[in-house]
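What the coordinates show
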Amino acid sequence: MPLDHTRSSAEFARARNLIPGGVNSPARAFGAVGRDPVIMDRGEGPYVWDIDGNRYIDFIGSWGPHILGHRHPAVMDAIATACAKGTSFGAPTLAESELAEAVVDAVDSVEMVRMTNSGTEAAMSAIRLARGATGRDVVVKFAGNYHGHVDAMLVSAGSGALTLGTPSSPGVPAGCTNDTVVLTYNEPGQLEELFAARGEEIAGVFLEGVVGNMGLVPPEPEFLAAIRRLTEKHGAVMGVDEVMTGFRLAYGGAQEVLGITPDVSMFGKVIGGGMPVGAYGGRRDIMEHVSPVGPVYQAGTLSGNPVAMASGLATLRTLKETNPYPRLEELGARLARGFDEVATKHGVPHAVQRVGSMLTLFFNPGPVRNLDDATASDTDAFARFFRGMLDRGVYLPCSQFEAMFVSAAHDEAMIDETIAAADAALADMASDRT
Ligand code: PLP
């Protein structure tokens, strides 16, 4: 029985007239799943409610930030306390050092950190830093990895760009991407060849440590080892984009789980606890190239905003104190197992790929190791599955090429309810086929 979305539909028509596509970020558009988005009203713990009053179990968590669930009391209190003092000063505040200290404490490879307002800004700045610190221009990225809408990285990009079929964008001059080399994820041989030919030109190699933006794709150990060895040998920067994975896969991020030590890391999402924060950090000798210590310019009127810092700090402190990671691992594994069982039961070719609390059910027998594998998925089947889940009160990412996020506010009963919904949605899809 479809849910009533009357108000959402009417309001979305209004939004579409005022905002391109009715959304302020394309990943929110439901184009790939063949319906209009629902308009959200509020969230609490693991749930969100739309403006028609429908409740959903939320597996997006604002696309990652809400690892503690919506409206966590510690985060809400910290925001209220910060707001009471004023929202922005354009001058240093204690909260900036406190959050920086928390990041340095959490992530072994990070000795200094600079706050930004988004993951995109963090990635843009980290790339500029790699170029500025090495005096070289070429950056290497991997197809299907997404580093925000940074001009130099908007080639073969994942996430919304991939979902909407525009992995490279008009408006990005060729000059901005001439020095970007795109390689295949998990193919160390390509890196070996590139470094052998152009090693002295390469400023940095940037990757999602665990990819969320072509669906969940883990890195293979030989691939990571090749990146570290070749960047070290040729004096290039290894940059790990932890915007999705930072403080999520472990308190120390993907790099803790994978046992890697990048030179530079980028953060976003969880670091702001639902407020607009990004950050980039790394070894002191590299970070000291950043202005005003060094010549690599990067700035922001609202960077280090005290309300956003308070939200991020309360989130990180709660994560450190409560250590939800073993439980997130259990819940993630339970959900992955359940999806696998029901997809097998209904004869759906599939692969469930997961690291900790991030996972993707690919409509594709897998394994999905790179972008070509991911795009071989049956996106029509995903779209039907998505709609079936929405109608059953489960809010999933609206693209095959995204990861679901489990939060510490979910519990076993909700996971089992989600698996039961998947069973029913896949049963409906099977009966449509016959
Ligand atoms: N890097 C990664 C890995 C991301 O997943 C994202 C966003 O999803 C970004 C960068 C860009 O972050 P933002 O959307 O905060 O600009």
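First, a word on what this report is: a plain description of the structure on this page. (Residues numbered from 1 in each chain as written. Predicted model: local features only at pLDDT ≥ 70, side-chain atom pairs only at ≥ 80, totals over all residues. Heavy atoms only, no water.)

Thoughts on the nonpolar core
- Of all hydrophobic cores here, the largest spans 75 residues; its most connected members are Phe59, Phe247, Leu335, Phe339, Phe363, Phe385 and Met389.
- Excluding residues that lie within four positions of it along the chain, Leu335 makes contacts with Phe59, Leu359, Met404, Val406, Ile415, Thr418 and Ile419. (Core = buried A, V, L, I, M, F, W, Y, C linked by side-chain atoms within 4.5 Å. Buried < 20%, exposed > 50% of the residue type's maximum accessible area, 1.4 Å probe, protein only. Contact = heavy atoms within 4.5 Å.)

Details of the sheet that holds strand β3 (residues 55-58)
- Pairing in this open sheet of four strands is mixed, and the strands run β1-β2-β3-β13 from one edge to the other. Each end of this open sheet is capped by a strand with a single partner; those strands are β1 (40-44) and β13 (394-395).
- Pairing geometry for β1 and strand β2 (residues 47-50), over four bridges, is antiparallel. From the neighbouring strand, Gly43 faces β2, where its bridge partner is Val48. (Pairing = 2+ DSSP bridges. Helix = DSSP H or I, 4+ residues; strand = E, 2+ residues; numbered from the N terminus.)

Section: the packing of aromatic side chains
- Following the criterion strictly, the structure yields twelve aromatic pairs and no others.
- When the ring of Phe142 is compared with that of Tyr185, the centres are 6.0 Å apart and the planes differ by 80°; the resulting orientation is edge-to-face. Taken together, the residues Phe142 in strand β5 (residues 138-142) and Tyr185 in the loop between β6 (180-183) and α7 (188-198) connect sequence positions 43 residues apart. The two residues Phe142 and Tyr185 agree in class, both being buried.
- Both rings, one in Phe247 and one in Phe267, keep their centres 5.5 Å apart while their planes meet at 40°; by these two values the pair is tilted. One end of the pair, Phe247, is in the loop between β8 (237-241) and α9 (253-258); the other, Phe267, is in strand β9 (residues 264-267), with 20 residues separating them in the sequence. The same class applies to Phe247 and to Phe267, which are both buried.
- It is Arg55 that lies over the ring of Tyr47; its NZ or CZ is 3.8 Å from the centre. (Phe/Tyr/Trp six-rings, centres within 6.5 Å; stacked < 30°, edge-to-face > 60°. Lys NZ or Arg CZ within 6 Å of the ring centre and 35° of its normal.)

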